[in-house]
Every structure is written in structure tokens, then in C-alpha cells.
Amino acid sequence: MASVFAVKFFLCTVLWLFNFLPPCQGKQNWNGNGYGYPFIRKASSFSSSPSVSTTTSNNGYDYIIVGGGTAGCPLAATLSQNFNVLLLERGGVPFNNPNVSFLENFHITLADTSPTSASQFFISTDGVLNARARVLGGGTSINAGFYTRASPRFIEKVGWDAKLVNQSYPWVEKQIVHRPKFSPWQRAARDSLLDAGVSPFNGFTYDHKYGTKVGGTIFDRFGRRHTAAELLASGNHDKLTVLIHATVQNIVFDTKGKRPKAMGVIFKDENGKQHQAILRNDRQSEVIVTSGAIGTPQLLLLSGIGPKEELQNLNIPVVFDNQFVGKGMADNPMNTIFVPSKRPIQQSLIETVGITNLGVYIETSCGFGQSNDSIHCHHGISSAEIGQLSTIPPKQRSQEAVQAFVKRKKDLPVEAFRGGFILSKVGSAWSTGELRLINTNVEDNPAVTFNYFNHPYDLQRCVEGIRLATKVVQSQHFTNYTMCDRQTTESLLNLTVKANVNLIPKHVNDTKSLEQFCKDTVITIWHYHGGCHVGKVVNPDYKVLGVERLRVVDGSTFTESPGTNPQATVMMMGRYMGLKILRDRLGKLAGI
């Protein structure tokens, strides 16, 4: 899904406690034909194909793609060059929602916990607040925008053709990726990282290189977001149909043969009416699931592919017994150090990153606590929250207590809202967990466990990351810029501990033990993955094991998150697999 930082977690903590929808949340009224995408329509406009029981029909689609997100959009655009493609997205469009489209409103989208928001809130069983995208463009529509490629080691590990990879990344970059403006805050972070020994400076590059670098962004110089949804414009408009507000309930199989065969899908439109979409009667036609690390294993389970006992407990007919669906879930744990400031700070998302040989990445963001919307509507990363809400013990944070805080906050001066965070992320986490269904409603979140720091190596790297992040904050480059005196490590840790950005109980020795600090203040950076690993749920071509005409193309197949941010590689994967499928099916006739 994109790098993200502490704003979302503190924001969601408050909003979750009393389900507060900010009055300044932008509304979305959209006409598909008004944005140059005539192939995008509401799901209710769909005219159902013949019954899925009609196995001889040639009136269906060559490919049905479930999930119009980071991988689904480039995949659909590519496959439509030669074949009829139906792309089904459960959310709406990102194009005219100002809270999705503009960098300055990044935190407001994350604050919206309404049932139709672009960001669907969930809490892992670990007590960490999180979100999954519910909008065309997927995570690229709600993330922090940072764009950086995977390392050559990752490409080799997953077995991709390096030549085709290097053709697929630029296809994405030419359409939606930009060079960041590089704010003074990010410059201070760059110089501080170099002082702390994260060298050399590699300048502006998309490549994954050890040292300090400036990466790309999907925000242009005017602060407008460009998402994977825009990649659909590269598709063949005559062969591509995109339905929004189309929530797929399950995949339908023909189970009469030796192996179950995907025939199509059942989905509901925005009015709750049920439809069926079917594949052409061609052995090479496929349902391709691109619903992300949460949505894809969830849909496979709901469709009867997964551990037999778990499925039977929910009365789901078993199509194929696979004990590995939903297993191996992982998230890259992140911890933050608050940076106080006495001067106004320009809003800045992730631009600079320090890449260490330990697999710890240091990034930074700032300025999202001091806008008028933040002060009067929202609860982002800002010293005001740290100084005010933290005075209310977690167990006493009732609806009344939080509402009283909101009222007090409106009277606080703008100077109280200045500051930012240094982010420390553990890449390639060794700790893993699982995803399980809690019911058979696809619109409800499954239970997800990541088991943060369950493996001691992850905890060891977190400690090193916090030490490095603290050095960055204490650097003269930052103290000169923020006009704040150099603070002790303990005082800096206290600021973050008091923010209480998760639902994990805190301990008295949080600032004495960095190991305890890591465990108690862990948050997510949205880089969760797994649940449909290669060799266990899908084969190396991402075809689902044990069934026919079903494939998975997204981060649920990864055993680690690529690079410092996965969105570049997931978009590339959509393009890459689209090209590979066309070439495998058509050879030179593909013309791509």
C-alpha cells in the first residue's frame, strides 16, 4: 500500500474511540465520463452475463480482475491491449476527492472512518492501528507517496526476469512519478543522516542503494497525487471495463472435473444488488485476484480455498484444502521519535531515506499538525496532542473525555502544533503471524496477527534504528533548523511514549529499555504482506495451487516487503505480470 507515518495512528486512535467523522471531510461526487475514463462505471450499470452454470458460454470476459488497486490497475491496462478485461473495485474513484488528491490533506483521508471512506480502518490483534485501501488506485490513493524500486537481491529472490522488470518500472514512472521539491526539513534530515554515518549520499534516485538518498514521489510539484488509477488510461478503452462500488463476495468454481475450475465471480453493487460475471469458455481465461495482502487471502478463504477445518467451522464449502492460505502474514514494524520545533514547518511527506546494511530504514515527515483542518477538525502528529491527550490515562479515554479534549484543542495557538517525526522501520521482518476469518461477510475485516518483534533479530534491529533516529534528531542540522535546544535521549523517548499511538499497554521502563520502548510504541507503516506465498498457495507464475484458471498478483505473495516502500514494485508487478501473461499466451503476436 505506500510509506506512512505516525499521523495515521494517532489520528485513528482518537477517531476510533468515539467514531468521530470530521465535518470538513470532502465529499465525492463523480461522473466517470467527466475525467477521460469512459470505461469506468458504477457497478449498478452492469448487465449480468449468462449464468455461471452455463459452462459453454463464449460471452464472458477473458480476464476478471478482483481489486482495482496498486497491482490491479496496471495489470488491467496491460491485459486489455489484447483481451476483454473486467476490473472490479469495491471502492469509489480518487479523482475528485480533495482529501485523497492533495498532499496537504493526506492526514484527513486517514481520519475518515466512515463506511464508505477511501481508507478502511482495522486493528490487528497485536493492538496496532492500521488501514487498508478502499478506492480505485488502492494504496497509491491513500499513502505517503514515496516511490523507490526494489533491490536487485529482491528481484533475483522472487525469480523475476530482470530485463522485463527494467522495462516495467519505467512504464509506471513515465506516467505518474515525480521528483520531490525537497523541503528544508528533508534537507536537515539528509545532512543529519550523513553525520550519523548513513553514507554515501546517493542523490536523487529510484534505485535501492545503501546510504542516504532522495526518492521519487507520486505527488507532483503542485502537491497533487497521481495514483495507479491513472495507469488505466494506457489500456485499450474498447476492451476494458472498470466497475466501482463492486464488492466481490466470492469466486465461483466448477467442481465437476478433476480439479476445481474458476468460472467467474459474484459481486454486489452500490445498492446491494447481486451480480455475476463469468469467464469465457477458454482454458486460458482467468480470474486474477489483486485485492492486497488482506483482501486476497480473505477472498480465497471465503471462496473455499484454505484450511479445511477453518472453512467448515464457518460453513464454507471446501473447494481446495490448503493449510497455508492466510499464513505467513508479516508487517514491517515502525517506531518514531518526535522532533519538536519552534518555527512553522512546511508539510512534507517521505522524500529522504537512510538505508542501512542492517535492514533498518530511516525516513521523516513533518508539518501535518498545524494546518487549519488539523487544528480544528483532526488529531494528527503534533505536540499539542502529545502534551494534552496524553494527560488522560488510556483507560479513562471515554467519549466524553475525548470530546472535551477536542474542544480544548480548538482554543490552542498554532505554535503548539509544530513539529515532525523521524521514522525507523525494520525492513524484511522475520516475525510472522496469520490472517483468519471472523465471519463470512467480505466487508468486515478478518482477524490479522503480525506478532511484531516475535523474532529477536527484529527487536535487535529496532533498537539500532531507535539509536540512529535519536542521533538524527539530536544533530546540529535539526536543532539549528527547528530552533530547539538539543534534548536528551530520555526526553525525546518520553515525547513518543506519551503519544500512545497504539493500544499496547505501556511500561514504566519505556525510556530506560530500548527493547521495551520498541515493543510498546510499535506502529505500522502499511507495508504488510504475505498470506498467499509462492510455493505454498501459488506457483512461481502466481497460479493458485490445486485449482484452474485462478491467479494472484499482489503483495500477498511476498515473503518480504520490497525496498523501502513497496508501491513501486507492486505497480511494476502488475505491469510485469500483464506483459508476461500476454507473451506466454500470444508469443510475438502480443505486440508488446
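Structural notes, computed from the coordinates. Remember, predicted model here, so these are calculated numbers, not experimental data.

## Considering the overall build of the chain
For the chain, the helix and strand inventory stands at 17 helices and 25 strands. In the chain, which comprises 592 residues, the share counted as buried stands at 64%. Of the contacts made within the chain by residues no fewer than 6 positions apart, 74% connect residues no fewer than 24 positions apart. Per element, the accessible surface of the chain, about 21,700 Å² overall, is 48% carbon and sulfur.

## Considerations on the packing of aromatic side chains
Taken as a whole and judged by the stated rule, the model has 17 aromatic pairs. Arranged with centres 5.2 Å apart and planes meeting at 65°, the rings of F46 and F267 form a pair that is edge-to-face. Linking F46 in the loop between β1 (40–42) and β2 (63–66) with F267 in strand β12 (residues 261–268), this pair joins segments that are 221 residues apart in sequence. F46 sits in the buried class, given a relative accessible area of 6%. Taking relative accessible area as the criterion, F267 reaches 0% and is therefore assigned buried. Ring centres of W430 and Y457 lie 4.8 Å apart, and the angle between their planes is 55°; on these two criteria the pair is classed as tilted. Linking W430 in the loop between β21 (419–426) and β22 (433–436) with Y457 in helix α13 (residues 456–474), this pair joins segments that are 27 residues apart in sequence. Residue Y457 is classed as partly exposed on the basis of its relative accessible area, which comes to 26%.

## Notes on the nonpolar core
Counting residues in each nonpolar core, the largest one holds 132 residues, and the members touching the most others are W160, I251, V265, F267, V287 and L550. The element contributing the most residues to this core is helix α17 (residues 567–586), with ten residues. With residues up to four places along the chain from it excluded, the contact list for I251 reads A262, G264, V265, V287, V289, L299, L300, S303 and L550. Of all hydrophobic cores here, the second largest spans 24 residues; its members include F106, F146, I350 and Y361.

## Structural notes on the pattern of salt bridges
Any two side chains of opposite charge can pair, on the condition that their charged atoms come close. Counted according to the given criterion, the structure contains 17 salt bridges. Between K580 and D584 there is a salt bridge; the shortest N-O distance is 3.1 Å. Taken as a pair, K580 and D584 lie in helix α17 at a separation of four residues, close to a single helical turn. You can call D584 exposed: its relative accessible area is 55%. The structure contains a network of salt bridges with shared partners spanning E310, K327, E434 and R436.

## What to know about unusual backbone geometry
Put simply, S199 and P200 share a cis peptide bond, and its omega is 5°. As for its placement among the helices and strands, P200 is situated in the loop between α7 (184–195) and β7 (201–204). If you check the backbone angles, F453 has positive phi at about 60° while not being a glycine. For F453, the location among the structural elements is in the loop between β23 (447–449) and α13.

## A look at the packing of helix α2 (residues 72–79) against α17
Between α2 and α17, whose axes approach to 7 Å, the crossing angle comes to 25°. With respect to α17, the element α2 is oriented roughly parallel. In terms of crossing hand, the pair formed by α2 and α17 is right-handed. Here α2 contributes P74, L75, T78 and L79 to the contact with α17, which in turn contributes M571, G574, R575, M577, G578, L579, I581 and L582. In the contact of α2 with α17, the residues fall into eight nonpolar, three polar and one charged.

## A look at the state of the cysteines
This model, assessed by the stated rule, comprises one disulfide. For C462, the disulfide goes to C518, at an S-S distance of 2.1 Å. With the S-S bond torsion at -100°, the cross-link from C462 to C518 turns out left-handed. With C462 in helix α13 and C518 in helix α16 (residues 514–521), this pair connects stretches of sequence that are 56 residues apart.

## Some points on the sheet that holds β23
Overall, antiparallel pairing links the three strands, which are arranged β17-β22-β23 in an open sheet. Of all strands in the sheet, those with a lone pairing partner are β17 (327–329) and β23, marking the two edges. Averaged over all adjacent pairs, the angle separating strand axes in this sheet is 35°, with direction ignored. Both β17 and β22 contribute to a ladder of two bridges, which runs antiparallel. Its bridge partner lying in β22, K327 is registered against E434. Here helix α8 (residues 292–302) sits on the sheet in contact with β17, β22 and β23, set at roughly 55° to β22.

## Thoughts on the sheet that holds strand β3 (residues 85–88)
Here we have six strands laid out as an open sheet, ordered β1-β10-β3-β2-β14-β25, and parallel in their pairing. Where the open sheet ends on each side, the last strands, each with one partner, are β1 and β25 (550–552). The sheet shows a mean angle of 20° between the axes of neighbouring strands, taken without regard to direction. Sheet topology note: the β1/strand β10 (residues 240–244) ladder contains three bridges and is parallel. Counted as the bridge partner of R41 is L243 from β10.

Rules behind the numbers
Residue positions within a chain follow its written sequence, with the count starting from 1. In view of the model being predicted, local features appear only for residues whose pLDDT reaches at least 70, and side-chain atom pairs are presented and counted only at 80 or more, with totals across whole chains, interfaces and linings using the full set of residues. Side-chain metrics in this entry use all non-hydrogen atoms of the structure; hydrogen atoms and water are not considered. Counting from the N terminus, the helices are DSSP H or I runs at least four residues long and the strands are E runs at least two residues long. Burial classes follow relative accessibility: with a 1.4 Å probe on protein chains only, a residue under 20% of its type's maximum area counts as buried, one over 50% as exposed, and anything between as partly exposed. Throughout, a residue-residue contact means that at least one pair of heavy atoms, one from each residue, lies within 4.5 Å. Calculation of accessible area relied on Shrake-Rupley with a 1.4 Å probe; when residues are assessed, cover is drawn exclusively from the protein chains displayed. We call Phe, Tyr and Trp rings a pair once their centres come within 6.5 Å, taking the six-membered ring for Trp, and we label the pair stacked below 30 degrees between planes, edge-to-face above 60, and tilted otherwise. Joining through side-chain atoms within 4.5 Å is the link that ties buried Ala, Val, Leu, Ile, Met, Phe, Trp, Tyr and Cys residues into a set, and such a set is a nonpolar core. We define a salt bridge as a side-chain nitrogen of Lys or Arg found within 4 Å of a carboxyl oxygen belonging to Asp or Glu. For every element, the axis is a line fit to its C-alpha atoms; helices are fit only across the contacting stretch, and the angle between N-to-C directions ranges from 0 to 180 degrees. Angle categories: roughly parallel below 35 degrees, roughly antiparallel above 145, roughly perpendicular from 65 to 115, and oblique for all the rest. Here a crossing is called left-handed whenever its near helix is offset anticlockwise from the far helix by less than a right angle, and right-handed whenever the offset is clockwise. In the scheme used here, Gly and all other residues not listed as nonpolar or charged are polar, with Ala, Val, Leu, Ile, Met, Phe, Trp, Tyr, Cys and Pro taken as nonpolar and Asp, Glu, Lys and Arg as charged. Cysteine sulfur atoms are paired as a disulfide whenever they fall within 2.5 Å. Should DSSP find at least two bridges between two strands, the strands are regarded as paired.

Note that every value here comes from positions in space, so none of it alone points to a role or purpose.
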